[in-house]
Amino acid sequence: MKDTQKKILILALFAGQIMLENGAETYRVEDTIIRICKAYGVSHVESFVTPTGIFVSISSDQKEADVITMVKRIRTRSIDLNKVSKVNDFSRKVTLDKISFQKGMSKLKEINMLPKYPLVLRTVCAGMASAFFGVLLGANAKDFISSFLIAIFVYSGVIMIGKKNANLFLENAVGGILASALAILAVNLNIGTNIDKIIISSIMILLPGVSITNAVRDSIAGDLLSGLSRAAEAVIIAISIAVGVGIVIHLWFYEIGVNFL
């Protein structure tokens with residue numbers, strides 16, 4: 001009996017891990033874990049999820065001797081809502097039509113190995129998103145083109161830094177440095193016109209929109225610890241971007257730019 005419960009717990013924990021690592025809200029992860037466990041006949045399930053860890057306890061009854069607890073540390077987080085959606089569909093399927101442990105694990109591994117959209121497509125879309133945001137700010141044609149090209153460089157640079165396992169602060173600070181330095185270069189080469197509009201447009205792809213949204217949704221759902229954690233993460237990202245942009249602007253307008261002009 002305990003071996004069966006352990007398998008169920010491992011399956012539910014793996015599903016929660018995939019969701020949390022790919023941008024799901026904590027309350028959604030908890031709900032999915034509980035649904036999967038109860039779908040396999042586990043009557044008592046307690047799930048506690050934070051952005052960096054999953055804690056789950058199950059038992060066939062309320063006797064302490066029968067409780068099985070597992071903890072999963074979450075070390076990496078990214079945004080891939082396709083995987084979140086796939087795991088949601090999986091949990092619904094398990095609820096309606098219980099499948100074997102082996103088949104369930106196989107399906108989850110398949111979901112976990114799903115590739116992201118091609119890097120070229122993601123890079124071009126990042127450029128387009130930044131460029132069209134510039135239009136909302138009143139950017140002209142030159143600024144539109146500059147924002148598009150700079151955002152491509154910024155996104156590529158952040159991806160490269162991320163592959164080196166750099167921390168969150170350094171990764172976004174480098175993005176801010178690239179955005180502001182290339183914006184200044186574009187204006188001085190007469191490729192762009194407005195430095196401020198180009199910089200703001202170029203850093204839009206770095207802003208923690210999903211983190212802020214999840215922080216609000218977790219807080220509304222009553223998960224105050226997760227809400228505060230995600231809000232703190234969003235603040236750190238925002239500060240790191242500001243630091244990167246501020247360093248370049250300060251050096252140019254108060255050091256290099258004065259001597260150059």
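The preceding data block contains the structure.
As the structure is a computational prediction, the values presented were derived from the model and not from experiment. (Residues numbered from 1 in each chain as written. Predicted model: local features only at pLDDT ≥ 70, side-chain atom pairs only at ≥ 80, totals over all residues. Heavy atoms only, no water.)

Some details on the overall build of the protein chain
Scanning the protein chain from terminus to terminus reveals 10 helices and three strands. Reading the secondary structure of the protein chain in the N-to-C direction produces α-α-β-β-β-α-α-α-α-α-α-α-α. Taking 18 Å as the expected radius of gyration for a compact globule of 261 residues, we find that the protein chain reaches 23 Å, considerably beyond that expectation. In terms of overall dimensions, the protein chain has a C-alpha envelope of 80 × 30 × 30 Å along the principal axes. In the protein chain, the share of contacts with a sequence separation of at least 24, taken over all contacts with a separation of at least 6, comes to 66%. In the protein chain, the 27 positive side-chain charges and the 20 negative ones have mean positions that sit 6 Å from each other. (Helix = DSSP H or I, 4+ residues; strand = E, 2+ residues; numbered from the N terminus. Rg over C-alpha atoms; globule rule 2.2 N^0.38 Å. Contact = heavy atoms within 4.5 Å. Lys, Arg positive; Asp, Glu negative; His and termini not counted. Charge placed at Lys NZ, Arg CZ, Asp CG, Glu CD.)

A look at the layout of surface pockets
Considering only enclosed or pocket space, the largest pocket measures out at about 1800 Å³ in volume. Mapped onto the lining of the largest pocket, the elements with two or more residues apiece are α1 (2-21), α3 (81-96), α5 (119-136), α6 (141-163), α7 (168-188), α9 (209-220) and α10 (224-260). For the lining of the largest pocket, the element with the most residues is α6, which contributes six residues. Residue composition of the lining of the largest pocket, grouped by class: 20 nonpolar, 13 polar and 11 charged. (1 Å grid on protein atoms, 1.4 Å probe; cavity = no way out; pocket = protein on both sides within 12 Å on 5 of 7 lines; lining within 4 Å. Points joined across faces, edges and corners; volume = space filled by probe spheres on them. Nonpolar A, V, L, I, M, F, W, Y, C, P; charged D, E, K, R; others polar.)

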